[in-house]
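# Structural overview
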Amino acid sequence: MWIISATVDEQTRTFRLPPGAGRTLGRGTSADFIVGDALLSRVHCRFTASEQQLQVEDLKSTNGTFVNDKRIDVAYLADGDRVRVGQVELSVSREKPGAAEQRN
């Protein structure tokens, strides 16, 4: 399980992606993960998760998608990477196997 988190309007937002999931992020209602930032495109980028890696793809956004301060079209993310879209910085982490059972 991949975890993407950000602080938006003083609230922590957490998005979880299990292996095999693909989700979009943007400011529009058609995005899977909606973040209210005027600098985001309606559907800004797509995250695609596998068991071993998480990919982020910029969807031709106006202001770009940045991984660790480098503008990207497509990038593979690792635990601890930072993704910036608009004025929002997202942190990427990987949930350790068995962590979900420990939460319950």
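Reference entry: report on the structure contained in this document. (Residues numbered from 1 in each chain as written. Predicted model: local features only at pLDDT ≥ 70, side-chain atom pairs only at ≥ 80, totals over all residues. Heavy atoms only, no water.)

## Describing the overall build of the chain
Put simply, the rule reads: Elements are defined by DSSP. Helices are runs of H or I of four residues or more, strands are runs of E of two residues or more, and each kind is numbered from the N terminus. Our radius of gyration is a C-alpha quantity, and the globule rule it is checked against amounts to 2.2 Å times the number of residues to the power 0.38.
When helices and strands are tallied, the chain shows 1 helix and 11 strands. Shown N-terminal to C-terminal, the secondary structure of the chain runs as helices and strands in the order β-β-β-β-β-β-β-β-β-β-β-α. Its C-alpha atoms give the chain a radius of gyration of 13 Å, within 12% of the compact-globule value 13 Å for 104 residues. Principal-axis analysis of the C-alpha atoms places the extent of the chain at approximately 40 × 25 × 25 Å.

## Observations concerning the sheet that holds strand β8 (residues 70-72)
Condition: Here the rule is simple: two strands pair whenever DSSP picks up at least two bridges between them. A fitted line through C-alpha atoms represents every axis, and for helices the fit uses only the stretch in contact; the resulting angles, taken between N-to-C directions, go from 0 to 180 degrees.
Pairing within the open sheet is antiparallel, and its 6 strands lie in the order β2-β1-β11-β10-β7-β8. Among the strands making up the open sheet, the edge pair consists of β2 (11-17) and β8. Here the strands of the sheet are splayed against their neighbours by 30° on average, with no regard to which way each runs. Both strand β7 (residues 65-67) and β8 contribute to a ladder of 3 bridges, which runs antiparallel. Note on β8: the bridge partner recorded for Val 67 is Lys 70.

## Focus on unusual backbone geometry
Within the chain, Lys 60 stands out as a residue other than glycine whose phi angle is a positive 60°. Within the fold, Lys 60 resides in the loop between β6 (54-58) and β7. Of note in the backbone geometry, Asn 68 takes a positive phi value of approximately 50° without being a glycine.

## Structural notes on the nonpolar core
For clarity, the threshold we go by: By nonpolar core we mean a set of buried residues, namely Ala, Val, Leu, Ile, Met, Phe, Trp, Tyr and Cys, connected to one another through side-chain atoms within 4.5 Å. Each residue's exposure class comes from its accessible area (1.4 Å probe, protein chains only) as a fraction of the maximum for that residue type: buried when under 20%, exposed when over 50%, partly exposed otherwise. For this analysis, residues touch if any pair of their heavy atoms sits within 4.5 Å.
Grouped together as the largest cluster of nonpolar side chains are 24 residues, with contacts concentrated most on Leu 25, Phe 47, Leu 54 and Leu 90. At the level of secondary structure, the elements contributing two or more residues to this core comprise β1 (2-8), β2, β5 (45-49), β6, β9 (74-77), β10 (82-85) and β11 (88-94). Sequence-distant contacts of Leu 54, defined by excluding residues within four places in its chain, comprise Trp 2, Ile 4, Leu 17, Phe 47, Thr 48, Ala 49, Ala 75, Tyr 76, Leu 77 and Val 92.

Shape is all these values report; function is a separate question.
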